[in-house]
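Here is how the chains run, residue by residue.
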Amino acid sequence: MLAAKVFGKEDLRLVEVERPALSEESTEVIIKVKAAGICGSDNHIYHGQNPFATLPRVIGHEFVGEVAEIGDKVTGLEIGDHVVVEPITYCGKCYACRQGMPNVCKDLKVSGVHVDGGMQEYVKIDVKQAHKINKNIPWTTAVLAEPYTIAGNATTRAKVELGKTVLIQGAGTIGQLILRMAKAKGASVMISDVLDSRLEFAKLNGADRVVNVVNENLAEKLDEWTNQERANVVIDAACTRKTFEDCFEFASVAGAIVPLGMSAEPCQVAQKPIMQKQLTVYGSRLQAYQFAPVIKALEEGMLTDDGVVTQTFSIHDIQEAFDLINKEPEKVRKAVITFD
Ligand code: MN
């Protein structure tokens, strides 16, 4: 069967690999992959910039498919079921797991990063990682479940809810999905970016206010919008040094901040706003327990595809997909790889 493997920096190859087989008496499931989204982090692995990834690696952590085979001990799943794959495994026993944070388990393994992922025709997973989704949801919509769980985790961590004001810095794909998630949870949302095209899309996604920081002053706009209170929740989906530092000024009293960047570069943050406003900074890595609510919201039409998936490519043309993402990034919100 075919697999898309990164061997080194900008060295992505379609290779023939052995189809996985079930172990005896197992809770394993073999999924026939139908669609896999390309994430910014896949592109980082492609460029040799993901410090967590080990090579060679079959990339892809946003994938969905059909149940092809099930182990003897599997219950609750049948051949032919449509599933979204939860791309993490964890020990269930360490401190993080005991705190309800398996997403930062000491033995965390992420598909497409630490173990082979979804950009191949068949994948073997444990039944715990398979989340059933209605067969009437198109594969190219179901494939957004994983990116939506990232938005679900960030907004859950910061307790985004009805009546709160949320500022999202950065209207890229993750920023837009966080916007939709925050609106679905009943919050009022201001979103900022440097590109009008992204802000136009944000309006379609329900943004209450959009701010282009190239020609508008975000602090001023925020003060106007919140009557000087500033934002109850600030989410940094732009992940630059400045947007991170600004979070502490943009947060209201008793506010919450979710920085999504992973840069190792130090930033300058004063102690005063954290103490004075009693701020809480929430780290948010991957997701914990977000698949069930996201899939339900997709099935009920509360969360949708609507313009997020901009291109689909056959697995045979995966190089073309990466070339487009790297040469014309402004044309791509989410490119999805499909399988026959
Ligand atoms: Mn992703």
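What counts as what
Residues numbered from 1 in each chain as written. Predicted model: local features only at pLDDT ≥ 70, side-chain atom pairs only at ≥ 80, totals over all residues. Heavy atoms only, no water. Donors = N, O, S within 2.8 Å, 3.2 Å for Na, K, Ca; no water. Helix = DSSP H or I, 4+ residues; strand = E, 2+ residues; numbered from the N terminus. Buried < 20%, exposed > 50% of the residue type's maximum accessible area, 1.4 Å probe, protein only. Contact = heavy atoms within 4.5 Å. Axes fitted to C-alpha atoms, helices over the stretch in contact; angles between N-to-C directions. Parallel < 35°, antiparallel > 145°, perpendicular 65-115°, else oblique. Left-handed = near helix turned anticlockwise from the far one by under 90°.

> Which parts of the structure should I look at to understand the coordination of the manganese ion?
For a metal with four tetrahedral donors the ideal donor-metal-donor angle is 109.5 degrees, while six octahedral donors give ideal angles of 90 or 180 degrees. Around the manganese ion, the donor atoms from the protein are Cys39 (SG), His61 (NE2) and Glu62 (OE), and they sit 2.2 to 2.6 Å away. Here the donor residues of the manganese ion share one chain and are spaced in sequence as C-x21-H-E. With Cys39 in the loop between strand S3 (28-37) and helix H1 (40-46) and Glu62 in strand S5 (residues 62-70), this residue pair connects regions lying 23 residues apart in the sequence. Classification of Glu62 by relative accessible area gives buried; the value is 2%.

> What should I look at first to understand the environment of Ala184 in this one?
Tracing the backbone shows Ala184 in helix H5 (residues 173-184). Take Ala184: its relative accessible area is 36%, and that puts it in the partly exposed class. The contact partners of Ala184, leaving out residues within four places of it in the chain, are Met302 and Leu303.

> What is the right way to read the packing of helix H4 (residues 145-157) against H5 from this model?
Put simply, H4 and H5 touch, their axes get as near as 9 Å, and they point 60° apart. Taken together, the axes of H4 and H5 lie oblique to each other. Judged by the sense of rotation from one axis to the other, the crossing of H4 with H5 is right-handed. In contact with Pro147, Tyr148, Ile150, Ala151, Gly152 and Thr155 of H4, H5 contributes Ile174, Leu177, Ile178, Arg180 and Met181.

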